[in-house]
Protein chains: 2
Amino acid sequence: MSDDIFRDAYKPAEYNSNISKAKVYLTTCAINCDSPIVLVTSGGTTVPLECNTVRFIDNFSTGKRGSASTEYFLRRNCYVILLHRSGSLRPFFRHFDANMVDEAFSVDERDDLVVRKDSELGKNFRSIYDAYHKFRNKLLMIEFETCSEYLWYLRGIANLLTSYKSNAIYYMAAAVSDYYIPRDAMSEHKIQSSDAALDIKLFPVPKMLGHLCNTWSPEAFSVTFKLETDSTILISKAERSLQRYKQNLVIGNTLSDRRVRVTFISHSKDNVLKERLCETKGSDKSELEELIVDELLSSYRLWLSSE
Amino acid sequence: MSDDIFRDAYKPAEYNSNISKAKVYLTTCAINCDSPIVLVTSGGTTVPLECNTVRFIDNFSTGKRGSASTEYFLRRNCYVILLHRSGSLRPFFRHFDANMVDEAFSVDERDDLVVRKDSELGKNFRSIYDAYHKFRNKLLMIEFETCSEYLWYLRGIANLLTSYKSNAIYYMAAAVSDYYIPRDAMSEHKIQSSDAALDIKLFPVPKMLGHLCNTWSPEAFSVTFKLETDSTILISKAERSLQRYKQNLVIGNTLSDRRVRVTFISHSKDNVLKERLCETKGSDKSELEELIVDELLSSYRLWLSSE
């Protein structure tokens, strides 16, 4: 089962060209390789119910965590490969909401459309515009849609990053499906509606995290996210994940307060569980992702120096 | 079962305020009520798998058909209530892709951000901007996310539209789920992953189309869409729908060529099945939705005059 999801039937159409782009990008980074190279994964993965897909299962995720974190990694001088769900929020562009367009423009005397400085968009757009143009060359974005596309890219990029050893950071913020439907069990065409109940059998997605942390890229610094809706099980589930996969850090969050608070969960060298709360304070204007990235890069440097 | 989806547990949080807005909007329209009032539904509905929703089933739809059609209805002097999936494409704003922002702006000598006329955005943005400001007051937009929210709004708006009789047109382009999970069968928290397969039992969504065409708004002109991936069953499925629900018109399309071709399927007064192809020609720059709206409004006027 564990290799089934890597059958050619699931391979992304753009796989070869995107992996080539990543190779070229990494060659460019390597010239200035005193900065970490971060793979950020972001957004939810889909699981099609039909080969000609009309219906699919999705994991709730706007891509806010991954796209915002990407901006702060770039501002801290990191290189970033962002593996993100198509249509999810993207760094810099995430500030650009079509809703704002409504009131953001005026027509000036030269008949030009001008961004109004007093509009919601205008207030921040210039600094975002400038940051984007400053950092765009340090960022490579690759899109996925389905869970299997995501796993293909994760493995492909890990194969490239492995030679960067401890200079590579994995920041796995994507909401990856735990279940999928193998190709052989999938309906070819749209499932027809009927008056009867419909049973769907979902199969567990093979866990790639163990491969990543122990085989694909064992020398990298690996950070995973754990989202729960029930806060009482969050720490124990994070600890089980640490024991099983040996990643360096789990960032735990609950659905209801994930925008203001996360918990850093890790094992010390002598295997004692450590928990650190990371949260925005009422008066502080910082985005939570800025605090997360700073805290994470401190942990990373500490880990580097103790290696 | 058929009323279960209208339990208060499923009622949209914004229901009362949105229905009030629709009442105010319709009062305004009624002043100039020689134009049709069109309810356009658009985008896919979600079906949550958990009460605290992390996972859900979705129906593939970008909202292109509904949002583009809305623009042409407005340009043909109709009033439009657009009931659309949150985050799906919206009329006018659909032309505004954050990707375009990348190259669309320049900073002028006054330090203003100006839309470059030679950019992809700049080429059409002015005419879209002008059209939006011309037509925005004839448009009311209401958002849904889940299948039950959609059905609540459909019933609520139909209750208001029924008094407009044959002046109302229903243009049902939303991709509504055929299945859902009743509240009692839903997991409270995020379903935990495991190494075993997961069985999900889905129950048929009660068919509201019969209620709509025969009880809620029997005097209106009702148009539904049928999407299939298998073109060989499209016409027969459309005919069965016409027989069952008595809508005025079914617009059939297949997933692979839905951007260039649809088929109008209806019954003549003496119950003979009529099919008319509606498609874009290679050299013609028109969007398919413009052709659909014009063809549909012709059918509507013919129907009105024969009533």
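Here, every reference points to the structure presented above.
Here, residues in each chain are numbered from 1, in the same order as that chain's written sequence. Chain letters start at A and ligand numbers start at 1, both assigned in the order the entries are written. Per-residue local features are limited, in this predicted model, to residues with pLDDT of at least 70; the limit for side-chain atom pairs, both in listing and counting, is 80 or more; totals at the level of whole chains, interfaces and linings are taken over all residues. Just so you know, side-chain values use all the structure's heavy atoms and leave hydrogens and water out.

### Some thoughts on the overall build of chain A
Only DSSP runs of H or I with at least four residues qualify as helices, and only runs of E with at least two residues qualify as strands; both kinds are numbered from the N terminus onward. Along its length, chain A carries eight helices and 14 strands. Taking 307 residues into account, the globule formula puts the C-alpha radius of gyration at 19 Å, and chain A, at 21 Å, falls close to it. Overall, chain A is about 65 × 60 × 45 Å in size when its C-alpha atoms are taken along their principal axes. For chain A, with 307 residues in total, the buried portion stands at 56%. For chain A, the share of sequence-separated contacts (at least 6 apart) that also reach a separation of at least 24 residues comes to 72%. Of the accessible surface of chain A, which amounts to about 13,500 Å², a share of 48% is contributed by carbon and sulfur atoms. Put simply, the radius of gyration uses C-alpha atoms, and a globule should come to 2.2 Å times the residue count raised to 0.38. A 1.4 Å probe rolled over the protein chains alone gives each residue an accessible area, and that area as a share of the maximum for its type sets the label: buried under 20%, exposed over 50%, partly exposed in between. Any two residues whose heavy atoms approach within 4.5 Å at even a single point are treated as in contact. Areas reported here follow the Shrake-Rupley algorithm with a probe of radius 1.4 Å; residue values treat only the protein chains shown as occluding.

### Here's the deal with the sheet that holds strand β9 (residues 179–180) of chain B
The pairing criterion for strands is at least two bridges between them, as found by DSSP. The four strands are arranged β9(A)-β10(A)-β10(B)-β9(B) in an open sheet whose pairing can be described as antiparallel. Pairing within the sheet leaves two strands with one partner each, and these edge strands are β9 (179–180) of chain A together with β9 of chain B. In terms of strand pairing, β9(B) meets strand β10 (residues 198–204) of chain B through two bridges, oriented antiparallel. Residue pairing for β10(B): B:Tyr179 is matched across the bridge by B:Pro204.

### Points about the environment of A:Asn271
Relative to the helices and strands, A:Asn271 resides in the loop between β13 (261–267) and β14 (273–279). Sequence separation between A:Asn271 and A:Gln243 is 28 residues, and the spatial gap between their C-alpha atoms is 9.5 Å.

### Some details on the state of the cysteines
Disulfides are defined as cysteine sulfur pairs within 2.5 Å. The tally for this structure, following the rule as stated, stands at zero disulfides over all chains. Here A:Cys78 stays free of any disulfide, with the sulfur of A:Cys29 as its closest cysteine sulfur at 11 Å. The closest cysteine sulfur to the non-disulfide-bonded B:Cys147 is located on B:Cys51, 16 Å from its own sulfur. Given a relative accessible area of 2%, B:Cys147 falls into the buried group.

### Brief notes about the packing of helix α2 (residues 64–75) of chain B against helix α8 (residues 288–306) of chain B
Relative placement of two packed helices is described by the angle separating their axes and the distance separating the axes. Residues and elements named next belong to chain B. Axis lines are fitted to C-alpha atoms, over the contacting stretch for helices. Their N-to-C directions set the angle, which ranges from 0 to 180 degrees. Where α2 contacts α8, the two axes come as close as 9 Å, and the packing angle between them is 60°. As judged from the angle between their axes, α2 and α8 are oblique. α2 and α8 meet at a crossing whose hand is right-handed. Contact residues: Lys-64, Arg-65, Ala-68, Ser-69, Tyr-72 and Phe-73 in α2; Leu-288, Glu-289, Glu-290, Ile-292, Val-293, Leu-296 and Leu-297 in α8. Residues belonging to the contact of α2 with α8 are distributed by class as follows: eight nonpolar, one polar and four charged. Between 65 and 115 degrees an angle is taken as roughly perpendicular, under 35 as roughly parallel, over 145 as roughly antiparallel, and anywhere else as oblique. Each crossing gets its hand from how the near helix is turned against the far one by less than a right angle, where anticlockwise is left-handed and clockwise is right-handed. Note on residue classes: Ala, Val, Leu, Ile, Met, Phe, Trp, Tyr, Cys and Pro are nonpolar, Asp, Glu, Lys and Arg are charged, and everything else, Gly too, is polar.

### What about the side chain of A:Asp108?
With respect to the helices, strands and loops of the structure, A:Asp108 is situated in the loop between β5 (105–107) and β6 (113–115). Side-chain polar atoms of A:Asp108 contact the side chain of B:Arg110, separated by 3.0 Å. In this view, A:Asp108 contacts A:Val114 and B:Arg110; residues no more than four positions away in its chain are not counted. A 3.5 Å cut-off defines polar contacts: any pair of N or O atoms within that distance qualifies, except that in protein one atom must be a possible hydrogen donor and the other a possible acceptor, and neighbouring residues in sequence count only when both atoms are side-chain atoms.

### Let's talk about the packing of helix α1 (residues 15–30) of chain A against helix α5 (residues 147–161) of chain A
All names here are of chain A. The geometry of α1 relative to α5 is characterised by a closest axis approach of 10 Å and an angle of 30° between their N-to-C directions. By the criterion of interaxial angle, the relationship of α1 to α5 is roughly parallel. Taken as a pair, α1 and α5 cross one another with a handedness that is right-handed. Along its contact with α1, which presents Tyr-15, Asn-18, Ile-19, Ala-22, Lys-23 and Leu-26, the element α5 presents Trp-152, Tyr-153, Gly-156, Ile-157, Leu-160 and Leu-161. A class-by-class count of the residues in the contact of α1 with α5 yields nine nonpolar, two polar and one charged.

### Overview of the interface of chain B and chain A
Counting from both sides, the interface comprises 62 residues of chain B and, opposite them, 62 residues of chain A. Both sides together, the interface formed by chain B and chain A hides about 5,900 Å², and carbon and sulfur atoms give 51% of it. Definition used for salt bridges: Asp or Glu carboxyl oxygen within 4 Å of a side-chain nitrogen of Lys or Arg. Put simply, chain B and chain A have 12 salt bridges between them. A salt bridge links B:Asp178 to A:Arg55; its shortest N-O distance comes to 2.5 Å. The tally of links between chain B and chain A comes to 35 residue pairs in polar contact (both at pLDDT 80 or more). Broken down by element, the residue count for the side of chain B that touches chain A peaks at seven residues, all from β10(B). Looking at the side of chain B that touches chain A residue by residue, the classes come out as 28 nonpolar, 11 polar and 23 charged. Note: strand β3 (residues 55–59) of chain A against strand β3 (residues 55–59) of chain B, five bridges, orientation antiparallel. Looking across to β3(B), one finds that A:Arg55 is bridged to B:Asn59. Simply put, the buried area is the total loss of 1.4 Å probe accessible area from both parts when two parts are fitted together.

### Description of the sheet that holds strand β8 (residues 168–172) of chain A
All names here are of chain A. Strand order in this open sheet of eight strands is β7-β4-β1-β8-β11-β12-β13-β14, and the pairing throughout is mixed. Each of the sheet's edge strands pairs with one partner strand only, and the pair in question is β7 (139–144) and β14. Here the strands of the sheet are splayed against their neighbours by 15° on average, with no regard to which way each runs. Pairing analysis gives three bridges linking strand β12 (residues 249–254) to β13, with the strands arranged antiparallel. Counterpart to Gly-252 in the pairing with β13 is Thr-263. Sitting on the sheet, helix α2 (residues 64–75) touches β1 (37–42), β4 (79–85), β7, β8, β11 (221–228), β12 and β13, and the angle it makes with β1 is about 165°. Sheet strands in contact with helix α8 (residues 288–306) are β8, β11, β12, β13 and β14, and its direction is about 145° off that of β14.

### A closer look at the relation of the copies chain B and chain A
The copies were overlaid by least squares, fitting only the C-alpha atoms of residues that reach a pLDDT of 70 or more in each copy. Its rotation angle being 180°, the transformation that places chain B on chain A also includes 0.0 Å of axial translation and leaves an RMSD of 0.0 Å. Here the symmetry operator amounts to a two-fold rotation axis.

### Side note on the pairing of β10(B)
Where strand β10 (residues 198–204) of chain A meets β10(B), five bridges bridge the pair, whose relative direction is antiparallel. Counterpart to A:Lys201 in the pairing with β10(B) is B:Asp199.

### Focus on unusual backbone geometry
If you check the backbone angles, A:Asn77 has positive phi at about 80° while not being a glycine. Position of A:Asn77 among the secondary structure elements: in the loop between α2 and β4. A positive phi is found at B:Lys246, a non-glycine position, where the angle reads about 65°. Mapped onto the elements of the fold, B:Lys246 is located in the loop between α7 (234–245) and β12 (249–254). Accessibility expressed as a relative area gives 56% for B:Lys246, which makes it exposed.

Fair warning: the whole summary comes from geometry, so function is off the table for now.
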